[in-house]
Amino acid sequence: CWPHVVAAVAAAAPPVAEKKLLYPIMIQGGPNNQYQQFLESMVLAKALRRKIVLAPFLSWPGGGDRQRVHAFRATFDVDAVKRF
């Protein structure tokens, strides 16, 4: 399903004259859901020819993790994301 959606969105996207951003809003679920949502946002950003904003990841509230917000670099390889 996703390849068809991405192809349709890319075909409908006008040529980009200026840099546009896509900010993924990952509000549902725990860390694994956020990772999946960000990966889907990366595909969408590439299809729309937009730069993606690196988002923080949140841990489960009350999950015993003292650090509520995790830096993007602690979760993903930034250089690999840039190459994508």
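Source: prediction; values computed, not measured.

K.L.:
Can you walk me through the overall build of the protein in this structure?
P.N.:
Of regular secondary structure, the protein possesses 3 helices and 4 strands. Sequence-ordered secondary structure for the protein, helices as α and strands as β, is α-β-α-β-β-β-α. Long-range pairs, those at least 24 residues apart, make up 53% of the contacts in the protein between residues at least 6 apart in sequence. Total accessible area computed for the protein in this model is approximately 6200 Å², and 58% of it derives from carbon and sulfur atoms.

K.L.:
How should I be thinking about the packing of aromatic side chains in this particular structure?
P.N.:
For the coordinates displayed, the defined rule picks out 2 aromatic pairs. Centroid distance Tyr 35 to Phe 76: 6.1 Å. Interplanar angle 85 degrees. Geometry classified as edge-to-face. With a gap of 41 residues between them, Tyr 35 in helix H2 (residues 31-47) and Phe 76 in the loop between strand S4 (69-70) and helix H3 (78-83) connect regions that are remote in the sequence. Exposure remark for Tyr 35: the relative accessible area of 28% places this residue in the partly exposed category. Residue classification places Phe 76 among the buried positions, given a relative accessible area of 17%.

K.L.:
Would you mind going over the environment of Lys 20 with me for this structure?
P.N.:
Residue placement: Lys 20 occurs in the loop between helix H1 (2-12) and strand S1 (21-22). Judged by relative accessible area, which is 36%, Lys 20 ranks as partly exposed. Sequence separation of Lys 20 and Lys 51 is 31 residues, and the distance between their C-alpha atoms is 6.3 Å. The residues contacting Lys 20, other than those within four sequence positions of it, are Arg 50 and Lys 51.

K.L.:
What should I look at first to understand the nonpolar core in this one?
P.N.:
Nonpolar side chains tend toward joint burial in soluble globular proteins. In terms of nonpolar packing, the biggest core is built from 9 residues, these being Met 26, Phe 38, Met 42, Ala 55, Phe 57, Phe 72, Phe 76, Val 78 and Val 81. When contributions to this core are tallied by element, the ones reaching two or more residues are H2 and H3. What Phe 72 contacts, discounting residues up to four positions off in sequence, is Phe 38, Leu 54, Ala 55, Phe 57, Val 78 and Val 81.

K.L.:
Would you mind going over the environment of Pro 56 with me for this structure?
P.N.:
As for its position among the elements, Pro 56 is in the loop between strand S2 (51-52) and strand S3 (57-58). The class of Pro 56 is partly exposed, set by a relative accessible area of 39%. For the pair Pro 56 and Gln 34, spaced 22 residues apart in sequence, the C-alpha separation works out to 9.5 Å.

Reading the values: rules and limits
- Residues numbered from 1 in each chain as written.
- Predicted model: local features only at pLDDT ≥ 70, side-chain atom pairs only at ≥ 80, totals over all residues.
- Heavy atoms only, no water.
- Helix = DSSP H or I, 4+ residues; strand = E, 2+ residues; numbered from the N terminus.
- Contact = heavy atoms within 4.5 Å.
- Areas by Shrake-Rupley, 256 points an atom, 1.4 Å probe, with all protein chains shown as cover.
- Phe/Tyr/Trp six-rings, centres within 6.5 Å; stacked < 30°, edge-to-face > 60°.
- Buried < 20%, exposed > 50% of the residue type's maximum accessible area, 1.4 Å probe, protein only.
- Core = buried A, V, L, I, M, F, W, Y, C linked by side-chain atoms within 4.5 Å.

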